[in-house]
Amino acid sequence: MDAVILAGGENTRIPVIKGFLEINSRKIIESNVECMRKVFDRVIISTNTPELFFYLGTPMIGDVLPHRGPMTGIFSVLSVPDVSEVFISACDMPYINVILVQYMKEKWSRGWDAAVPVFERKPQPLFAIYSKKIAERMEEKIRKNRKCLKRFLSEINVLYFKEEDVRNLDPEGRSFVNINTMEDFHREGGKTCLV
């Protein structure tokens, strides 16, 4: 299994690249790469601007379809021949809980198409595991402009991690926080990666 950090967003609600926002004097993307390297042998960044992330020393994959969005990033990485399954997170999620990531990886079985935690009674598809088995179906949905991950999950075989189990490892659901606006950033400032 590879870790994939989605960094292909268009940043329409925030004036800077979200992964480069600093919390506790570290860029979010740098903290995320470090966290994922504790669990995975390979960390891949999904981006259409590789020149920005080259300094991190990780493999990068650009979108293979012209449609933007997280599903296209996930599909693009699953299209790589030696990728079989991926743990997905986003570059604007500053509080990745390594213990929760490890738990999800350990509970994963290849019988599933995806594995997704539930928090506040909602699936969290941007902090989840996806199998290469779904790549063709994912491509078909993207080409039809049906790019809603939550809807896609209803059509595949998903292992949902119960909220009580998730809360045992990440009580406040900090792993699922993402920075979408400058207000989010100022409200969340001063925190760091949980290890």
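Structure: above.
Everything numeric in this text was worked out from a predicted model, so none of it was measured. (Residues numbered from 1 in each chain as written. Predicted model: local features only at pLDDT ≥ 70, side-chain atom pairs only at ≥ 80, totals over all residues. Heavy atoms only, no water.)

**Q** Can you help me understand the environment of Ile 74 in this one?
**A** Secondary-structure assignment places Ile 74 in helix α3 (residues 70-78). Residues Ile 74 and Pro 123, 49 residues apart in the sequence, show an inter-C-alpha distance of 17 Å. Excluding anything up to four places from it in sequence, Ile 74 contacts Leu 6, Ile 88, Tyr 130, Met 138 and Leu 149. (Helix = DSSP H or I, 4+ residues; strand = E, 2+ residues; numbered from the N terminus. Contact = heavy atoms within 4.5 Å.)

**Q** Just to check I follow, could you spell out the side chain of Ser 76 for this structure?
**A** Residue placement: Ser 76 occurs in helix α3. From its side chain, Ser 76 meets the backbone oxygen of Thr 72 in a polar contact 2.7 Å long. Setting aside chain neighbours within four positions, we find Ser 76 in contact with Ile 61, Gly 62, Asp 63 and Val 64. (Polar contact = N/O pair within 3.5 Å; in protein donor to acceptor, adjacent residues only side chain to side chain.)

**Q** What exactly am I supposed to notice about the pattern of salt bridges here?
**A** Scanning the entire structure with this criterion turns up 10 salt bridges. Across the pair Arg 42 and Asp 2 runs a salt bridge, and its minimum N-O distance is 2.9 Å. Here Arg 42, found in the loop between α1 (28-37) and β4 (43-46), pairs with Asp 2, found in strand β1 (residues 2-6); they are 40 residues apart in sequence, far enough to count as distant. When its relative accessible area of 24% is taken as the criterion, Arg 42 is described as partly exposed. (Salt bridge = Lys/Arg side-chain N within 4 Å of Asp/Glu carboxyl O. Buried < 20%, exposed > 50% of the residue type's maximum accessible area, 1.4 Å probe, protein only.)

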